[in-house]
Amino acid sequence: MSPRSALIHVDLDNLWSIAACYGLCLPAGSENGIYDDALPRLLGIFNEMEIPATFFAVGRDVELPDNAVKLRKAIVSGHEIASHSQTHPLNFRALSEREIDHEVEQGGKSIYHGTGQKPSGFRAPGYAVSQSLIRVLIRRGYHYDSSIMPSPYGFAFRWMDAWLRRGTTAGSGLRKTQFPYFCDALASLSPYRVNPNHPERELASSGLLEIPVAASPLLRLPFQAGVCLRLGRRYFEAQLSAFLKRPSLPLVFLLHGADAADFQACTDPFFRRAPVFSLPFADRIGKIRIYLERIRSNYDCLTTMDFVRRIKT
Ligand SMILES: [Zn+2]
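Residues numbered from 1 in each chain as written. Predicted model: local features only at pLDDT ≥ 70, side-chain atom pairs only at ≥ 80, totals over all residues. Heavy atoms only, no water.

Engineer: Go over the packing of helix 2 (residues 33-49) against helix 11 (residues 281-298), please, and point to the residues and values.
Structural biologist: Here helix 2 crosses helix 11 at 30°, and the two axes come no closer than 11 Å. Judged by the twist between their axes, the crossing of helix 2 over helix 11 is right-handed. Between helix 2 and helix 11, the residues in contact are R41, I45, F46, E48 and M49 and F281, I285, R289, L292, E293 and R296, respectively. Looking at the contact of helix 2 with helix 11 residue by residue, the class counts come to six nonpolar, no polar and five charged. (Axes fitted to C-alpha atoms, helices over the stretch in contact; angles between N-to-C directions. Helix = DSSP H or I, 4+ residues; strand = E, 2+ residues; numbered from the N terminus. Left-handed = near helix turned anticlockwise from the far one by under 90°. Contact = heavy atoms within 4.5 Å. Nonpolar A, V, L, I, M, F, W, Y, C, P; charged D, E, K, R; others polar.)

Dropping the structure here:
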């Protein structure tokens, strides 16, 4: 067994949430496209490659019986379902602690009712870690949070987000809090017991593990499928090589369901200009397979809770 651990994470942001974020017009009936189209495809790839993954599901989606069936099948195949909130608010970091608690509670309940399993982990929409969130997750007995992206390049994501929303009213009147803040870049790249008063710092006695989304050693460049799809194979290999030089550092490689979705039926101009979605569908799938194969051949892939149990023993 390789001493290196990789956690393959998939955020199941559905098409309705992408449409809300960017003010899109979707073809009728396509709001659930990530569960109808991308999730079965990703599950097929993971199962074929024998890669256990962790899917972060939005509670509202799990309330649909067909979606819940797909997630139950994923669990039977050895994957883990974690929570990505109940409604995926775009202003998650600006919510009050009570509102965050409601999102965490309802998301957990929806996943439990739909899958029969209570989620052990959480990822905030838009990497929006906060003191309130950490306090809520500790109170509610979660084992891990995976919201922080310890990278100083949040501004680049925000710039891209604004560029994609130009000319629309999406998010107007809403203080969007997506993408890492600069202080998040001070956090460890390795999992750490998270201090509720300073989520970017460690507190040895804390009951909650923070599992940062991958940012590469030294330069802290974001290392996730969407960025690699856009920046190319050399970027992927450079970041992977930086990780491989740090064998004790687990790789938390994040995909989004939309990375593997076929947008052929979506005519909104957004899908022709968005950096990842505008790439040919077959190319994206081919590259995702290559990323997973490269990671699998260098790392021991496991679900997040299996990793948490492993480091506790
Ligand atoms: Zn999300």
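Read on, since the account is not over.
Engineer: Report on the environment of P52, specifying residues and quantitative values.
Structural biologist: Along the chain, P52 falls in the loop between helix 2 and strand 2 (53-57). By relative accessible area, P52 is classed as buried at 19%. Each C-alpha atom of the pair P52 and E80 lies 7.8 Å from the other, and the pair is 28 residues apart in sequence. Those residues in contact with P52, other than ones at most four positions away along the chain, are I8, G78, H79, C301, L302 and T303. (Buried < 20%, exposed > 50% of the residue type's maximum accessible area, 1.4 Å probe, protein only.)

Engineer: Residues and numbers for the packing of aromatic side chains, please.
Structural biologist: Counted according to the given criterion, the structure contains 15 aromatic pairs. Summarising the aromatic geometry, the rings of F122 and Y142 are spaced 6.4 Å apart at their centres and angled 90° between planes, so their arrangement reads as edge-to-face. On the criterion of sequence distance, the pair formed by F122 in strand 4 (residues 121-122) and Y142 in the loop between helix 6 (131-139) and strand 5 (144-145) is long-range, its members being 20 residues apart. Each member of the pair F122 and Y142 is classed as buried. In textbook terms, an aromatic cluster arises when at least three aromatic residues are bridged by ring pairs, as seen for Y22, F263, F270, F271 and F277. Here the basic side chain of K118 rests over the ring of Y142, its NZ or CZ set 5.9 Å away from the ring centre. Over the aromatic face of F56 sits the side chain of R123, whose NZ or CZ is 4.2 Å from the ring centroid. (Phe/Tyr/Trp six-rings, centres within 6.5 Å; stacked < 30°, edge-to-face > 60°. Lys NZ or Arg CZ within 6 Å of the ring centre and 35° of its normal.)

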